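Residues per chain are reported as follows:
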Amino acid sequence: MTEPVEPNSFRAGPDKEGYFGIFGGRYVAETLMPLILDLEQAYNESKEDPEFKAELENLGKHYTGRPSPLYFAEGLTKHLGGAKIYFKRDELNHTGSHKINNCLGQILLARKMGKTRIIAETGAGQHGVATATVAAKFGYPCVVYMGKTDIERQSPNVFRMKLLGAEIVPVTAGAGTLKDAMNEALRDWVTNVEDTYYIIGTAAGPHPYPELVRDFQSVIGQEVREQIMEAEGRLPDMLVAAVGGGSNAIGLFHPFLDDRQVQIVGVEAGGLGLDGEEHCASLSAGKPGVLHGNRTFLLQNDDGQILEGHSISAGLDYPGIGPEHSWLKDTGRVDYVPIMDDEALEAFQLLCKVEGIIPALEPSHALAEVIKRAPKMDKDQIIVMNLCGRGDKDVFTVGKALGFDL
Amino acid sequence: MTQSRIDTRFAELKEEGRPALVTFVMAGDPDYDTSLDILKSLPSAGADVMEIGMPFSDPMADGPAIQLAGQRALKAGQDMHKTLQMVREFRSGDKDTPIVLMGYYNPIYIYGNEQFLADAREAGVDGLIIVDLPPEADEELCVPAIKLGLNFIRLATPTTDDDRLPQVLHNTSGFVYYVSITGITGAAAPNTTKVAAAVNRIKRSTELPVAVGFGVKSVEQAQVIGEVADGVVVGSALVSEIAANLDGNGETACRAVTNLVSELAVGLRSTKLKKSA
């Protein structure tokens, strides 16, 4: 690959074919292509439509509870003895994570397009819960595809989705995790293309999904800009977020991409280490390929077969990554680093003790990176970390990892 | 472009006035040797055109039968080099039967597009069907393939409307593959009335033969579709025969597949193509 030329703006993508550099695009079966083009048109109309924006903002405020607080983590800051640490508290959102931001936006698109049935894939179950929630609120039948392995390790979220009226379809193909759930959701979509809207949960998939998911999640970064100006009178020195598919991270990062003084760090799931195959660090250890409708960094073998990967966090357990992150890595604008399962577990426990916040395992990866970096920084420097999900769903997983019998 | 084996074969069948039997099996399913034996036995059993699947870990457009076929092949150690080698070995004994490689883009992209096209051409491949490369991505593989003299066969689907059809047909050669249902391979049986209307619609826009696939399982279905289309594709039903005969040695699976192909071929040879409206 040739060295990419640094763009004038990091916020201009994607181009009209859906590419960020060489990444992104629309690699889907012909059956889906007309629908993807319809979706693009519906989204382009909606983003210019003041009524659409007003409705989404209103839902964000009164249903989700936006803006989420930007919280100065004084206890953790003191404990680490370096940079000031702020958390963007999207874990306080209705449904317990940032996923609801995107689901509300997409359900409005589904309604606009006249679709009558909602499907989704889910890994940790956070996106499944958020999708089941908006489907319930707007009165749509909802089918959620979830890997069998994930169903076992995220049982509280499975029950939540059922309470919300969704049908959960266990996926046994492959290792029964997020990638397999996404394959099965795509198979449903191609079969029920007339009436079904597929709410993709992360900033990946065929264009325009990476763009529209990013835009719906960018409310995170936009609020942070205002809130940090109010709190500190300046932009932060560093942003940190966990990256699975990358929706919470791109939501935080995107409004800051052209502020070159802001260092940006994405944290991948290093699993049991990058030496073997027991990790999900597609940017750190993968290479570009084509899967699920887009070209992006993927964990794969020499024959182009996709690997399953591993992470203690079901939400990061995906062998790909949103295409915009691949481009941001290639251009060098964002640093991507891996955090191992055991580091995330330690960070999880530390936050419970010093801040009284039980984080999800996904942002616990981001937190572990903050724990490494903050002590090396000056006390007047500022880190903002996206605390994108709460940890209630993970207490069983963590308990098991720590040897407790719950 | 010079006439390809695919063009020649469809022209011959048009003379005979009967539809082509297009078979699909997965390369390396259940293992390399059995799979090669199956390929070698297909033409004499009655396959007119052979599609060979390139196994992929994440076959998003395929139903359970072909998913499992791909998994069996990968588990047995199949990869792109072996798939091309299999074509090479087949071609050394059969110079006439057209071979179409079918699959997903990533294994080709990782092999290297240029290298893949050159090696496929050299091995004796005649055409490609890449499920997840729509016309919007033609510059990546389709146009270079055509330049090398390979046919690039496009899927048209029930959702391909009149506005989009010209774009789908542009750069398509060999034949057009009409996907008879909105769905995955091996799923519900197609509604033959709708299929007939769709095939006629496509034929009004192109001189190319139109083959119909997805969901064709029985001789009866094949015959009904064969009355309106230039070719009938049978895939899931064939790989299911392999799945049902894994206990025996390779010969059992091979015989089961060729028996079904023979039945389909006999059925289709008695089917006369109705002149399109």
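The rules behind these values
- Residues numbered from 1 in each chain as written.
- Chains lettered and ligands numbered in written order.
- Predicted model: local features only at pLDDT ≥ 70, side-chain atom pairs only at ≥ 80, totals over all residues.
- Heavy atoms only, no water.
- Helix = DSSP H or I, 4+ residues; strand = E, 2+ residues; numbered from the N terminus.
- Contact = heavy atoms within 4.5 Å.
- Areas by Shrake-Rupley, 256 points an atom, 1.4 Å probe, with all protein chains shown as cover.
- Lys, Arg positive; Asp, Glu negative; His and termini not counted.
- Charge placed at Lys NZ, Arg CZ, Asp CG, Glu CD.
- Rg over C-alpha atoms; globule rule 2.2 N^0.38 Å.
- Buried < 20%, exposed > 50% of the residue type's maximum accessible area, 1.4 Å probe, protein only.
- Domains from an automatic or database assignment.
- Buried area = accessible area lost by both parts, 1.4 Å probe.
- Salt bridge = Lys/Arg side-chain N within 4 Å of Asp/Glu carboxyl O.
- Polar contact = N/O pair within 3.5 Å; in protein donor to acceptor, adjacent residues only side chain to side chain.
- Pairing = 2+ DSSP bridges.

Colleague: Give a detailed account of the overall build of chain B, specifying residues and quantitative values.
Modeller: What chain B contains, in helices and strands, is 12 helices and 9 strands. Dimensions of chain B, computed from the C-alpha atoms along their principal axes, are close to 45 × 40 × 35 Å. Summarising the internal contacts of chain B: among those between residues at least 6 apart in sequence, 74% fall at separations of at least 24. When the accessible area of chain B is evaluated, it comes to approximately 10,400 Å², of which 50% is carbon and sulfur surface. Of the side-chain charges in chain B, 25 are positive and 36 negative, and the distance between the mean point of each set is 4 Å.

Colleague: Describe the overall build of chain A, and please don't skip the residues or the numbers.
Modeller: A tally of regular secondary structure across chain A gives 16 helices and 14 strands. For 406 residues, the compact-globule estimate of 2.2 N^0.38 gives 22 Å, and the C-alpha radius of gyration of chain A, at 19 Å, lies within 12% of that figure. Split into buried and exposed, the 406 residues of chain A put 65% on the buried side. Sequence separation of at least 24 residues holds for 74% of the intrachain contacts in chain A that already meet a minimum separation of 6. On chain A, roughly 14,200 Å² of surface is accessible, and the fraction owed to carbon and sulfur atoms is 50%.

Colleague: Got a sec to walk through the domain arrangement of chain A? Specific residues and values, please.
Modeller: All names here are of chain A. With domains assigned, chain A is organised as domain 1 (29-59 + 98-213) and domain 2 (67-97 + 219-401). Here the C-alpha centre of domain 2 lies 22 Å away from the C-alpha centre of domain 1. Contacts between the two partners involve 33 residues from domain 1, matched on the other side by 34 residues from domain 2. Together domain 1 and domain 2 conceal approximately 2,600 Å² of surface at their shared face, both sides included; 56% is due to carbon and sulfur atoms. The largest contributions to the domain 1 side of the interface with domain 2 come from His98, Arg153 and Lys179, which together make up 28% of the buried area. For the pair domain 1 and domain 2, the interface holds 1 salt bridge. One salt bridge in this structure joins glutamate 308 and lysine 179, with 3.5 Å as the shortest N-O distance. On the surface where domain 1 and domain 2 come into contact, there are 11 residue pairs in polar contact (both at pLDDT 80 or more).

Colleague: Explain the side chain of Arg201(B) to me, using residue names and the numbers behind them.
Modeller: Residues and elements named next belong to chain B. As for its position among the elements, arginine 201 is in helix α9 (residues 192-205). Given the relative accessible area of 19%, arginine 201 is considered buried. Polar contacts involving the side chain of arginine 201 include one to the main-chain carbonyl oxygen of threonine 160, which spans 2.7 Å. Side-chain polar atoms of arginine 201 contact the side chain of aspartate 162, separated by 2.8 Å.

Colleague: So what's going on with the environment of Ala73(B)? Residues and values would help.
Modeller: All names here are of chain B. The residue alanine 73 is located in helix α3 (residues 64-75) in this model. Residues alanine 73 and glycine 174 lie 101 residues apart in sequence; the distance between their C-alpha atoms is 27 Å. In this view, alanine 73 contacts Met26, Ala27, Gly28, Asp29, Pro55 and Gln78; residues no more than four positions away in its chain are not counted.

Colleague: Break down the sheet that holds strand β2 (residues 23-27) of chain A for me, citing the residues and quoting the values.
Modeller: In a beta sheet, neighbouring strands are held together by backbone hydrogen bonds and run either parallel or antiparallel to one another. All names here are of chain A. An order of β1-β2-β12-β11 is seen for the 4 strands of this open sheet, with the pairing classed as antiparallel. Taken across any chain shown, the strands that pair with only one partner, and hence form the sheet edges, are β1 (19-20) and β11 (287-291). Bridge count for β2 against strand β12 (residues 293-298) is 2 bridges, and the pairing is antiparallel. Counterpart to tyrosine 27 in the pairing with β12 is glycine 293.

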